[in-house]
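# Observations on the model geometry
These are the residues of each chain, in order.
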Protein chains: 2
Amino acid sequence: MRHISHEQIKSFERLYRANMINSCSGYKSANIIGTLSAKGVENAAIFSSVIHMGSEPPVLGFVMRPATVPRNTYENIRNNRYYTINHVTENMVNRAHQTSAKYPDNISEFEETGLTPLYRADLPAPFVKESPLQLAMKFMEEIPIKVNGTILILGQILDIYCEEEMMHNDGFIQLSKFNVATINGLDGYAIPELKTRLSYARPKQKLEELK
Amino acid sequence: MRHISHEQIKSFERLYRANMINSCSGYKSANIIGTLSAKGVENAAIFSSVIHMGSEPPVLGFVMRPATVPRNTYENIRNNRYYTINHVTENMVNRAHQTSAKYPDNISEFEETGLTPLYRADLPAPFVKESPLQLAMKFMEEIPIKVNGTILILGQILDIYCEEEMMHNDGFIQLSKFNVATINGLDGYAIPELKTRLSYARPKQKLEELK
């Protein structure tokens, strides 16, 4: 195995280090966050940092770097308090990645990339129509991360919109049914195939495959 | 599409809700965290919440629920300050999942599951020998999440041990080369196939595939 030391990591050129360290945590979620600006501009931005924080209440978090690209997302969420999280599928990968370009504030990434904004009920934020799993979110709290100046945004899941075929009888949502993507590093898009679901683990008890 | 409302989510039976909400964030990383107790017991625990927090310094986070299973992991990290993060591959999935069983404090999950502890340099925490990507970590900070009582643990990557074949010339680590797993929900294990790497996105510029 190759050993990369702390000193080497420090000495790497910026993009080389970003490629490596972004690959280190493992596979990441692929989501488009949809928001609306105070001036009514629809914003879409890809994120690979959405994580499950808890089920009761249903809370998801995501990490943002306030000084970089998706700053509109942050401002819109703080002003408006509502946003959407939409899953990226294999055939949306290019359009989703393109949302990371630095467009001016008055330009909608939906228009520029060809993704379709969709409004549901009275949520003041656009969903991504092409997405098979769409979440209506309400901002809860922002947590500043002192060690590097990032921010963890916490939000509550209000509503779930999901293609019927993805839903199992026990609540499980099978992402592979619609070729939902996962992100490796900064720019790698992979499509997973579900291999198994395993029973609740107990000492000295053989695991079973859930059907 | 099926619409699941906030009221329905609240009313769901506990496991049904956990299955659904755990699937909602998208694909999650599959890692085993290795620690050593004050009494020298080797601990291994699977986590699906490891996330990239930043590359400069190289920081990963993970979320834990102090009241549940992997409490040993928390205590060991707080006592000892060092731990390892090891990626789970397809052929390790059953052993990795089995580490989530509630073993007594004096029992090592390595012994019980057949995973092999490995020590490198003088890090006081076991790596998982079977893993193709292993990280030496140093505890930085714990951040209490008030909304649900979870804790975000931040740690710095000290050393990376990686199979040569996974490493690209630009720093990218290709997880699919060794069939690294990703987690869907509480108990679904999927294996991704890398489809593309896309160039840095700029307005009005066509994306290119990185080779």
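Quick look at the structure, then. Sequence positions are assigned chain by chain, starting from 1 and proceeding in written order. The naming scheme follows written order: chains are lettered A onward, ligands numbered 1 onward. For a predicted model such as this one, the threshold for reporting local features is a pLDDT of at least 70, and the threshold for listing and counting side-chain atom pairs is 80 or more; totals across whole chains, interfaces and linings nevertheless cover every residue.

### Points about the overall build of chain A
Secondary structure follows DSSP: runs of H or I at least 4 residues long count as helices, runs of E at least 2 residues long count as strands, and numbering of each begins at the N terminus. Within chain A, the secondary structure is distributed over five helices and 13 strands. On the principal axes, the C-alpha backbone points of chain A span a range of 60 × 50 × 30 Å. With 211 residues in all, chain A has 52% of them scored as buried. Residue pairs are scored as contacts if the distance between their C-beta atoms, which are placed from the backbone, is within 7 Å. Of the contacts formed within chain A by residues at least 6 apart in sequence, a portion of 58% connects residues at least 24 apart. Here a residue counts as buried when 20 or more other C-beta atoms fall within 10 Å of its C-beta, as exposed when 12 or fewer do, and as partly exposed in between; the C-beta atoms come from the backbone.

### Overview of the interface of chain A and chain B
Contacts between the two partners involve 95 residues from chain A and, on the opposite side, 95 residues from chain B. Looking at the side of chain A that touches chain B element by element, the count peaks at ten residues for strand S13 (residues 188-197) of chain A. Taken together, the residues of the side of chain A that touches chain B break down into 49 nonpolar, 29 polar and 17 charged. For two strands to count as paired, DSSP must find a minimum of two bridges between them. Where strand S11 (residues 150-162) of chain A lies against strand S1 (residues 2-4) of chain B, three bridges are found, and the strand directions are antiparallel. Pairing of Tyr161(A) across the sheet is with His3(B), part of S1(B). Gly is put with the polar residues, along with every residue not named as nonpolar or charged; the nonpolar set is Ala, Val, Leu, Ile, Met, Phe, Trp, Tyr, Cys and Pro, and the charged set is Asp, Glu, Lys and Arg.

### Some words on the nonpolar core
The biggest cluster of nonpolar side chains holds 120 residues, and the ones touching the most others in it are Leu60(A), Ile173(A), Ala181(A), Leu60(B), Val88(B), Ile173(B) and Ala181(B). Those residues within four positions of Leu60(B) in sequence are excluded, and the remaining contacts are Cys24(A), Ser25(A), Val50(B), Ile51(B), His52(B), Met53(B), Ile85(B), Gly155(B) and Ile157(B). A set of buried residues qualifies as a nonpolar core if it consists of Ala, Val, Leu, Ile, Met, Phe, Trp, Tyr and Cys joined through C-beta atoms within 7 Å.

### Notes on the pairing of strand S3 (residues 31-36) of chain B
Residue and element names in this part refer to chain B. Most of S3 is tucked away, with six of its six residues classed as buried. Because side chains alternate across S3, one face comprises the buried residues Asn31, Ile33 and Thr35, and the other comprises Ile32, Gly34 and Leu36, equally buried. For S3 and strand S4 (residues 42-47), the ladder comprises six bridges, and the chain directions are antiparallel. For Leu36, the partnering residue across the bridge sits in S4 and is Glu42. Between S3 and the antiparallel strand that follows it, S4, lie five residues; Gly40 among them carries a positive phi value of about 85 degrees. In terms of strand pairing, S3 meets strand S7 (residues 82-87) through four bridges, oriented antiparallel. Looking across to S7, one finds that Asn31 is bridged to His87.

### Notes on the environment of Ser176(A)
Mapped onto the elements, Ser176(A) comes out in the loop between S11 and strand S12 (182-184). Separated by 153 residues in the primary sequence, Ser176(A) and Ser23(A) place their C-alpha atoms 21 Å from one another. Residues in contact with Ser176(A), not counting those within four places in the same chain, are Pro192(A), Glu193(A), Leu194(A) and Ala190(B).

### Topic: the sheet that holds strand S12 (residues 182-184) of chain B
If you trace the six strands from one edge of the open sheet to the other, you get S2(A)-S12(A)-S13(A)-S13(B)-S12(B)-S2(B), paired in antiparallel fashion. A strand with exactly one partner marks an edge of an open sheet, and here the two such strands are strand S2 (28-29) of chain A together with strand S2 (28-29) of chain B. One ladder, built from three bridges, connects S12(B) with strand S13 (residues 188-197) of chain B; its direction is antiparallel. Residue pairing in the sheet places Asn184(B) in a bridge with Gly188(B) of S13(B).

Functional significance is not addressed by these values, which are geometric in nature.
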